[in-house]
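# Structural description and commentary
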Amino acid sequence: SKATVSVLYCLYIYERGSKEEQRPSIMFMNRMSMMTALGCMVGMAGSIKVGFVGDSGYGGNAANSYAIMKERGVELVLQNGDFDYKNDYAGWGAFLDTNWFDKGMKHVLMSSGNHDVERNFDSYRSQLVSRLSSDLLDNCKGRDGRDFKDDYGRWGNCALNGVRIVLLGWDEMEHADQSVTSFIKDSFTGTPEPWRICMWHRPEGRYNPGDRHTSEYDNYQAYEACREHGAFVFSGHSHLYARSKLMSSFEGFVVSQHDDDGRIQLTCGTSFALINGMAGRSLDDPGRYYSQHQHRKSYTSADGNELSGAVVCDFPPDGSVASCDFFVGDSPGASFDPFEITSTCKEVSTPSPSQASPSPSSEAPPTPGTQHLTVHLTSNEDDCEERVHSGELRTDSSDLEMTQENEQQAVGIRWSSVEIPMGAVVTEAVIDFKCDEKGSGQPSVDIAFELSDNSASWSLSSKPTQRSLTSATRWSLTESWTVGDVYSSPNLATQLNEVLSSGGWISGNAISVVITKAAGSDDGARIANSRDGDGVGPVLKITFATQVVTDLVIKMSSGSDDCEELVSNGEVDSSSSDLELPDENGKEQLVGIRWPSVAIPTGAVVTEAVIDFTCDEKGSGQPVIDIAFDKAASSASWGVQKPSSRLLTSSATWSITQDWTPGTVYSSPNLAWEINEVISLNGWSYGNAISAVIIRSLGTQSGNRIAESFNGDGLGPVLRVTYSLLPPPVSSTLEVHLTSNADDCEERVHSGELRTDSS
């Protein structure tokens, strides 16, 4: 039931708070976590209704939009800017009081619009901050953890009753950069709320079906960051209503295969765009994108003459079906666009660059980081056509015929800056082509990358057919193309990895592909936009994995995890308050140290491993010791098998010439080679135990150094490890075709007759 899921969600918050607040005042902090959870349970007894409006003014039409929301039971209003258009911030505050707060409502969140920042937004902010509910003040943060009141209207990360909202202001989206996408990703990563909303004023042009504000603002990175985390995008600016289809790529205008008119199934990786700039100001006419395939529903002057309306969604806290509608006209408004949403993207995690003392029982091992990259052409000279027979080269065509335009030709496409780091492995690479003309036939083309660390520009002395190429992927273009639609090539990851692994690749270098007619293909063509044609041209989309570098600090858990074994009689002592390395009072001994839970995942490569010893007593002489590891996939305790009975790895020698000072920490040599012998064993698993055995090097003098044991200082020797987790190799299916009629034959066994021309 919803109530049960609500309680479980709140207990998650309690558990997370308890884990995060392991401070000296742990009892107090756990009480605080419990109080937070209890408050959460009270607040999540049912669903929350959210209203979406924008571009209001504060006249009668705006009042009607707020009346619709009140009549429809809205508890939280999201208004995405352009408040009053008059620089009358006090009047705007009075409007909110009259139409919302004085009617018993309390939750409002707003982001800034262009009309607000062009005037005196600080004064608007003071009006908004003074009306923030205590629930929002407690559950909203600004950028980098700043007080939300200081960032309100510009940066915001808020959570309320299972809904998480990221707010960004006009100026922030005007100059959207990596800081914006990082803020979006950081706000959603690791959060449990099933409902995720990105909110800002200005929409991307092609998701706006009206006749104003249809410019491409290059905010697609922000849109894509929201999509990756299953958040839908709410904007205004245009005075209309619009809802897009479910998109698997905003930038590529790719509609998800799970798109459905009545129910939107949000996942991590799909999203939709919602525009409501109809809070009362005016109504836009339809524009050039009104009939584009990415739009599901819209309300412009072509659809009616109402000036005010509100979207209302009822979000249950468990992510089950949310009911939404756009209500337009006099309050309570007429239903115009009823739809439902479900959400399954409840938590997205990214590996941390540093992980200290993880608990394998509660944390999953890190995985190589996956990143998505969209690369555009930067110049009209970046794509070209070369006539195969005459060698004529053109870089100014408005389209790209693949691969027949009156005669056979090769198409070259060059992306001048591709930011894939060295060592990354590409898992997917596709080229998106937007259809310019339908074309003809059912051609097949071969796509290959230039085998170059930094591909040169196209020129008469460096044409597509003159380039050294990788292996090719064949694309059979049997599907008819529709003008304006986007078509994606097969996965070209194998070919792109050939380029990246050639030895001299540097992030930011140029990459080119060459597209040629496949052997046996007909003389048909598919015709795509070039950069000269639509200002964009073919787009390269890449998914790649990078290695994860992780630092671990691994500690023992009990006094039985270290021991001393006398060489003379095999006696084992796990109760000593110190560890003499490697003799005690002239009696030679082995020292065993066991770390019961080592969070190194399968497939990792350790680059550094040292043992830190805290000096208990000075010791004597200049001992030389060997350090090896138990060669077992999960090392047994010393009570089961003493140090001298272990099969050991190779060892590292440590000549200790430095005098030790009590209380000071001293580190062993790098033991990476030895520990890699352990984690490469069959049966090694994340969280298994590792043991080290220390013994005097053969033929060396007596002497020792005396370190704290676990019984001595409650810590004992500490293992510090740095490892790299490399991305997995890419598996791919390669289709290989014959290139000549003479490539197959029949031989008569008795007569020896050979035929290569049989059908």
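See the structure printed just above.
Quick summary incoming for the structure in this document. Just so we're clear, the structure is a prediction, and the values are computed from it rather than from any experiment.

## Regarding the packing of aromatic side chains
- This model, assessed by the stated rule, comprises 29 aromatic pairs.
- Between W92 and F95 the ring centres are 5.2 Å apart and the planes differ by 15°, which places this aromatic pair in the stacked class. Linking W92 with F95, this pair stays in helix 4 (residues 89-99), spanning 3 residues, or about one helical turn.
- According to the relative accessible area criterion, F95 is buried, its value standing at 6%.
- With a centroid separation of 6.1 Å and 90° between ring planes, the pair formed by F326 and F336 is classed as edge-to-face.

## Points about the layout of surface pockets
- Taken as a whole, the second largest pocket spans an internal volume of roughly 390 Å³.
- E251, F253, H376, V536 and V539 are, among the 20 residues lining the second largest pocket, the residues nearest its centre.
- Listing elements by their share of the lining of the second largest pocket, those giving two or more residues are strand 25 (425-440), helix 13 (531-534) and strand 31 (539-546).
- Residues that form the lining of the second largest pocket fall into these classes: 7 nonpolar, 4 polar and 9 charged.

## Digging into the packing of helix 4 against helix 6 (residues 121-129)
- Close contact between helix 4 and helix 6 brings their axes to 9 Å; oriented N to C, the two are set at 25°. On the basis of the axis angle, helix 4 is roughly parallel to helix 6. Note that helix 4 runs across helix 6; the crossing there is right-handed. Where helix 4 abuts helix 6, its residues Y89, A90, W92, G93 and L96 lie against S123, Y124, Q127 and L128.

## Let's talk about the state of the cysteines
- In total, this model carries 3 disulfides according to the counting rule given.
- Each disulfide pairs two cysteine sulfurs, and for C140 the partner residue is C158, the sulfurs being separated by 2.1 Å. Its torsion about the S-S bond being 120°, the disulfide of C140 and C158 is classed as right-handed. Pair noted here: C140 is in strand 4 (residues 140-141) and C158 is in strand 5 (residues 155-160), with a separation of 18 residues, a long-range link. When sorted by exposure, C140 lands in the same class as C158, which is buried.
- With its sulfur 2.1 Å from that of its partner, C313 forms a disulfide with C324. Note on the C313 and C324 pair: the S-S dihedral is about 120°, so by sign convention the disulfide is right-handed. Here C324 lies in strand 16 (residues 322-328) and C313 lies in strand 15 (residues 309-315), a separation of 11 residues in the sequence.

## A look at the packing of helix 10 (residues 178-188) against helix 11 (residues 220-228)
- Where helix 10 meets helix 11, the closest approach of the two axes is 9 Å, and the angle between their N-to-C directions is 15°. Between helix 10 and helix 11, the crossing angle belongs to the class labelled roughly parallel. In this structure, helix 10 meets helix 11 at a crossing whose hand is right-handed. Where helix 10 abuts helix 11, its residues V180, T181, I184 and K185 lie against Q221, A222, A225, C226 and E228.
- Across the contact of helix 10 with helix 11, the residue classes tally to 5 nonpolar, 2 polar and 2 charged.

## A short note on the side chain of D562
- One can find D562 in strand 33 (residues 562-566).
- For the buried residue D562, which engages in no salt bridge, the nearest side chain bearing the opposite charge is R594, 11 Å off.
- A polar atom in the side chain of D562 sits 2.8 Å from the backbone nitrogen of F710.
- Once you skip the residues sitting within four places of it in the chain, D562 turns out to touch M556, D573, S574, L579, G592, I593, W638, S709, F710 and P717.

## Section: the pairing of strand 13 (residues 273-276)
- On strand 13, burial covers both faces: A273 and I275 on one face and L274 and N276 on the other are all buried.
- As judged from the 3 bridges shared by strand 8 (residues 232-235) and strand 13, these two strands associate in the parallel manner. Counterpart to S235 in the pairing with strand 13 is I275.
- One ladder, built from 3 bridges, connects strand 9 (residues 241-244) with strand 13; its direction is antiparallel. When the sheet's bridge partners are listed, R243 is paired in strand 13 with L274.

## A few points about the sheet that holds strand 8
- Judged by pairing direction, the sheet is mixed, and its 8 strands sit side by side in the order 4-5-6-7-8-13-9-14 without closing on themselves. The strands lining the two open edges of the sheet, one partner per strand, are strand 4 and strand 14 (295-299).
- Packing against the sheet, helix 10 makes contact with strand 5, strand 6 (163-168) and strand 7 (195-199), and its axis sits at approximately 165° to strand 6.

## What about the pattern of salt bridges?
- Going through the model one piece at a time under the given rule, you end up with 26 salt bridges.
- Across the salt bridge formed by E407 and R387, the nearest N and O atoms sit 3.6 Å from each other. One end of the pair, E407, is in strand 24 (residues 407-415); the other, R387, is in strand 20 (residues 383-387), with 20 residues separating them in the sequence.
- Under the relative-accessibility criterion, R387 is labelled buried at 16%.
- Between D583 and R696 there is a salt bridge; the shortest N-O distance is 2.2 Å. Taken together, the residues span a long stretch of sequence, with D583 in strand 36 (residues 583-584) and R696 in strand 42 (residues 690-696) at a distance of 113 residues.
- Judged by its relative accessible area of 5%, D583 is buried.
- Among the ionic contacts, a cluster of salt bridges with common partners joins R387, E405 and E407.

## Some remarks on the environment of E753
- Residue position: E753 is located in the loop between strand 45 (746-747) and strand 46 (754-755).
- According to the relative accessible area criterion, E753 is partly exposed, its value standing at 40%.
- Sequence-distant contacts of E753, that is, excluding residues within four places in its chain, are made with E746, E747 and R748.

## A short note on unusual backbone geometry
- The omega torsion of the bond from M402 to T403 falls at 0°, within 30 degrees of zero and hence cis.
- Along the polypeptide, T403 turns up in the loop between strand 22 (399-402) and strand 23 (404-405).
- Of note, the bond from L581 into P582 is cis; its omega dihedral lies within 30 degrees of zero at -5°.
- Relative to the helices and strands, P582 is located in the loop between strand 35 (578-581) and strand 36.
- Phi angles above zero are rare outside glycine, and N406 is one such case at about 70°.
- Not every positive phi belongs to a glycine, and N585 is a case in point at roughly 55°.
- Among the secondary structure elements, N585 is positioned in the loop between strand 36 and strand 37 (587-595).
- Residue classification places N585 among the exposed residues on the basis of a relative accessible area of 75%.

## Brief notes about the side chain of N509
- With respect to the secondary-structure elements, N509 resides in the loop between helix 12 (493-500) and strand 29 (511-517).
- Within polar-contact distance, the side chain of N509 engages the backbone oxygen of D453 at 2.9 Å.
- Not counting residues within four places of it along the chain, the set of residues in contact with N509 comprises W415, S416, S417, V418, D453, N454 and G504.

Cut-offs used in this document
- Residues numbered from 1 in each chain as written.
- Predicted model: local features only at pLDDT ≥ 70, side-chain atom pairs only at ≥ 80, totals over all residues.
- Heavy atoms only, no water.
- Phe/Tyr/Trp six-rings, centres within 6.5 Å; stacked < 30°, edge-to-face > 60°.
- Helix = DSSP H or I, 4+ residues; strand = E, 2+ residues; numbered from the N terminus.
- Buried < 20%, exposed > 50% of the residue type's maximum accessible area, 1.4 Å probe, protein only.
- 1 Å grid on protein atoms, 1.4 Å probe; cavity = no way out; pocket = protein on both sides within 12 Å on 5 of 7 lines; lining within 4 Å.
- Points joined across faces, edges and corners; volume = space filled by probe spheres on them.
- Nonpolar A, V, L, I, M, F, W, Y, C, P; charged D, E, K, R; others polar.
- Axes fitted to C-alpha atoms, helices over the stretch in contact; angles between N-to-C directions.
- Parallel < 35°, antiparallel > 145°, perpendicular 65-115°, else oblique.
- Left-handed = near helix turned anticlockwise from the far one by under 90°.
- Contact = heavy atoms within 4.5 Å.
- Disulfide = S-S within 2.5 Å.
- Lys, Arg positive; Asp, Glu negative; His and termini not counted.
- Salt bridge = Lys/Arg side-chain N within 4 Å of Asp/Glu carboxyl O.
- Polar contact = N/O pair within 3.5 Å; in protein donor to acceptor, adjacent residues only side chain to side chain.
- Pairing = 2+ DSSP bridges.

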